Every structure is written in structure tokens, then in C-alpha cells.
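# Structural features, examined
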Amino acid sequence: MDFERARKEDVNARIHVALEKAKAKQADLNAVVSFVDVESQIEGLKDIDENQPFYGMPIVLKDNVNMKGVRTTASSRILNNYVSIYDAHITTKLKEAGAVVIAKASMDELGMGGTNENAYTGPVCNPWDTSRISGGSSGGSAVLVSSGVVPFAIGTDTGDSIRKPAAFNGIIGMKPTYGRISRYGVIPYASSLDHVGYFTTSIKDAAVALEVLAGRDDRDMTSSYKEVENYAEQLNSDLHDKKIAILDNVQNAITNEEIKDNFNSLMAKLEARGATIEHVSLDDKLMHALLPVYYIIANAEATANHSNLDGIRFGEREDGESVEDVMINSRTKGLSSNVRKRFVIGSYSLFAANQEKIFRKAQKVRRLIVEELKRVLDQYDVVIADASATIAPKFKEKVQAGNDDIVTENYMVLGNFSGYPSITVPTGFVEGMPIGINMTAKPFEEQTLFNIGLAIEEETGLKGNDVEVDA
Ligand code: GLN
């Protein structure tokens, strides 16, 4: 479904159609944590210009994004009753652009997971085949776009949480440069890795959305002063001056022949359009360090960020004899064992005795990994590879053939270590399930991603999500 502005007289009907659709699909997909009251938002549109890019468009926010007067649970039991008292920066931006938020979407609890099986409200199903996972952590957002409920949804990405579910759902997942979009009002996971991004079904929409969302916000000190470009106007799918590097560490480890064939034939098409396509390899040892380094940094930062979820400052309170007991009981009951385990790992690496040899060391290796990526991007416009070695796995299918390569399955964290912009674009179907590629560019070169993405979209014809899905 493409972005399409509504006319004043059509807004009411359009929003209610989307809301009803979301409700009808809830039994099959379980993508929504809370439905949002739309009436006051529709009323508010009276003061908004019909020419605003999101005018009268139904959208969805991931449930870690604050919206005044609406529950923000981050799919965690501990925040089950938390009602936001303010709008996140992006919520304000989207409202000003005319969007109407119809729902808050499910996610892996506090962003911790890659399957959306770790949500307090239960797993999210993939609309292409409901016996399969949506991917996570932004699973609810992804499936509400891929099943045609809304043309746009906000996600967040700390390791690959927008880009992996985008691939599993056959839609575009965009993670811009670190600092490009303000994170004010978004519940953090790991601050040095967290990015706000989004899902769309066309490159043009992705370009329009970034113009709305990007820009300096004084309330997020990491947000950039760099001017926001007219991405949509500057779209250009000519590849003659483009240098594309295929990431062999990933492609060589993929065993699914159909996925490989799809990728190789796409590369041939891009080459035929005039792109220079070459193969590169990043240092294998560093690539194998991606996952451990990620877990050390992400869990340490998460432990610090979430120390306020204690039943006193934030979160549902459990009784206890002392303040400490209240905190322990609230956290024990309110957080899943998956999350508590991560906090144990995070605390361990932050102990004074361990900090230097675990946390600081991980930070140093992260720097080496970023240097290694930069070395390639100094010579190429983008690095490209399949976004996943497999189609979306079935529930409980923990290890499946070809899915045991830790580099292939986790390499997209390169975009978080570096903060470089990174996009997933759908490229076809294998066993009836969507697959996609991922590209990463130099900092603030989102335009390059959109332009090459447009060339891919023109080649595949996969746009606007007209394909019938199961749910
Ligand atoms: N799967 C990774 C994790 O569990 C990444 C999640 C994310 O990007 N939020 O930490």
C-alpha cells in the first residue's frame, strides 16, 4: 500500500477502515498491543494542511514510542499500566505531517530479541504464513505494513530490528544514520546502538518519510544539526556512477540455492544498468567478533538504561518489606527471564573488576570493526548482501538448515556499530515467503540508499504490496 494523502472529507472513513482491518487481523497476527483512540486525532486534522505528506494517513508506532495519553509498554509486563505523559519527537512530527496513529505495535520485550516471540502479549505471526515468525524486535510494526493495514510504521533498530523483520515480511525497512532522527521520547535499549527508523512498501515513501522525521531536536543531544535533504525530489535510479561491494563473508556462507540465485541475478541486473559491482571481504576474525561484542555492549547499556524500571521510579510495583525488596520483587515479576538474563550479563561486564577486560575491550573491538567497514566504504558507495540466509523460520524452529552461520545471521549489526545508514529492500520470494537484501552506505548518505533501492525496486517490480497475503 503506497502513501496516499486523504482529502478532508475522506479522512474519517479511511482511518476507520484501517482500524477495522487492524482489529480483524488481530486474531491471526497478534501485532497490536493497544489500539489508539482516533477521534481526537481526526478532529485535530482540521488545523492541518491537506498537502502535508501524511495527511489523513493511518500509521502505527512501535510500542516503545511515547504518545501522550496512550499506553507505552515496550511489550513488557512491568510497563503494562504505563501511560505516556508526553509525545516523542517523532510522534509530534508525524502528527504535524497529518498522520493518525491507529495502534501501538508489539515488539520483543524492551527490544530484546529478533523473533517477536518475547512480547508480553505473545508472539506475532507472519502474514505470509502464520506458522512462521514475523522477525523482531519491530515485528508488530512490520506485519501491520506487510499485511496492508497501514502504509507506514515506526520501528527501532539496535542490532537489526527493523531490517530483519522487513526482509521476512517483504517490505522496506529503513535505519537512517545515527543521530538523523531524534530519539527523544523513545524508550531506549542500548543508547550507543539505538536508531529510530521505519517500514514502508515503496522507496518513494521511504524518502518522503525521512524528510518528515529527520532533523535536529535539542531534546536529543545525539541528534544531528546536518541539514535534511529533499530525498524524494532527488530520487534517481541511474547507477552509472555507483560502486557496489558484495559482502562475501555473508554471501559465501549462504547455502539456500534459491536465495543465492535471486541475489546473483539481481546483481547482474544492477551491473547491466551500469553499476560497478565487486566482491569484498571484511576481516573474518572481526566478523566473528560481531555477536559477542554486540551482546556485551548492548546488555551493559541496557542494564544501565533500565535500572529505573524498579516499581518505584517506573513500572508496576510489587509489595516488599524494604525499598530493596520492592525493587527486587517488581523486577522479578515484571521482567521476563530473557530480559533478566541480559541484565545479569550486562551487570557482570560492568563490575569494576571486569569493566576493563570485558566492556572496554568490547568497545575497542567495536572500533576496529567500524574501521574495517569504513575501509570498504571509502572505496564503494554501498556494501550489499542478503538480509537473511533463510526465509522467516517457523515458530520453535530454533536451528534450521543453513541458519547456523553467526556472521550471516548477525552481520547487520555493522550498521549499528558504525551508525551508518542501512536499508532492507524486498527482492523476491522463496517457498512463497519474501526475501530481501540489505545495503549500508556512508554516514548521512541516505540518498544513495534510496537511489540504489529505487533501481532494485524498478527491477523487481515489488512495490506497494499488492500481493495477497494469508492474514
Ligand atoms: N536481536 C538483537 C537483540 O536481541 C537486536 C534487537 C534490536 O535491534 N532491537 O538484541
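Our subject is the structure that appears above.
This section reports on the structure supplied with the text. (Residues numbered from 1 in each chain as written. Predicted model: local features only at pLDDT ≥ 70, side-chain atom pairs only at ≥ 80, totals over all residues. Heavy atoms only, no water.)

### Considerations on the overall build of the protein
Regarding its fold elements, the protein presents 15 helices and 13 strands. The principal-axis extent of the C-alpha atoms belonging to the protein is close to 70 × 65 × 45 Å. In the protein, buried positions account for 61% of the 471 residues. Positive and negative charge centroids in the protein, built from 51 and 67 side chains respectively, lie 5 Å apart. (Helix = DSSP H or I, 4+ residues; strand = E, 2+ residues; numbered from the N terminus. Buried < 20%, exposed > 50% of the residue type's maximum accessible area, 1.4 Å probe, protein only. Lys, Arg positive; Asp, Glu negative; His and termini not counted. Charge placed at Lys NZ, Arg CZ, Asp CG, Glu CD.)

### What about the packing of helix α8 (residues 257-272) against helix α15 (residues 446-460)?
Running from N to C, α8 and α15 cross one another at 110 degrees; their axes reach a closest spacing of 10 Å. Considered as vectors, α8 and α15 are oriented roughly perpendicular to each other. Read as a crossing pair, α8 and α15 show a hand that is right-handed. Between α8 and α15, the contacting residues are L266, K269 and L270 on the first element and A455, I456, E459 and T460 on the second. Partitioned by chemical class, the residues of the contact of α8 with α15 number 4 nonpolar, 1 polar and 2 charged. (Axes fitted to C-alpha atoms, helices over the stretch in contact; angles between N-to-C directions. Parallel < 35°, antiparallel > 145°, perpendicular 65-115°, else oblique. Left-handed = near helix turned anticlockwise from the far one by under 90°. Contact = heavy atoms within 4.5 Å. Nonpolar A, V, L, I, M, F, W, Y, C, P; charged D, E, K, R; others polar.)

### Side note on the site of the ligand
Lining the immediate surroundings of the ligand are 13 residues, of which G113, G159, S161, Y189 and Y294 lie closest. Interatomic distance of 2.8 Å between a backbone N/O atom of G113 and an oxygen atom of the ligand. Within the contact set of the ligand, an oxygen atom lies 2.8 Å away from a backbone nitrogen or oxygen of T158. Here the ligand has 300 Å² of accessible area as a free molecule, and 92% of this is covered by the chains. Here the residues of the shell around the ligand sort into 3 nonpolar, 7 polar and 3 charged. (Near = heavy atom within 4 Å. Polar contact = N/O pair within 3.5 Å; in protein donor to acceptor, adjacent residues only side chain to side chain. Areas by Shrake-Rupley, 256 points an atom, 1.4 Å probe, with all protein chains shown as cover.)

### Section: the pairing of strand β11 (residues 382-386)
Along β11, 5 of the 5 residues are buried, which leaves the element largely enclosed by surrounding structure. Judged from the 3 bridges that link them, strand β9 (residues 243-247) and β11 form a sheet pairing that is parallel. Across the sheet, A245 pairs through a bridge with V383, a residue of β11. Relative to strand β13 (residues 433-441), β11 runs antiparallel, the two being bridged by 5 bridges. Bridge pairing in β13 places D386 opposite I437. (Pairing = 2+ DSSP bridges.)

### With respect to the nonpolar core
Grouped burial of nonpolar side chains is what soluble globular proteins tend to show. Counting 60 residues, the largest nonpolar core has L247, M287, L290, Y411, L414 and F417 as its most contacted members. Looking at this core, the elements with two or more residues in it are α5 (163-169), β9, α9 (284-305), α11 (337-350), α12 (352-377), β11, α14 (414-418) and β13. Of all the elements, α9 adds the most residues to this core, at 10 residues. Contacts of F417, omitting those with residues within four sequence positions, involve L193, L290, V293, Y294, R366, I369 and V370. Formed by 57 residues, the second largest nonpolar core is a distinct cluster that contains I181, I244, L266 and V382. (Core = buried A, V, L, I, M, F, W, Y, C linked by side-chain atoms within 4.5 Å.)

### Observations concerning helix α10 (residues 323-334)
For α10, with 12 residues, the first-to-last C-alpha span of 16 Å sits near the 16 Å given by 1.5 Å per residue. Buried within α10 we find V326, S330, R331 and G334. Axial view of α10: buried residues confined to an arc of 115 degrees, hence all on one face. Where α10 is buried, its residues contact α11. (Expected span 1.5 Å × (residues − 1). Arc of directions from axis to C-beta.)

These values are about where atoms sit, not about what they do.
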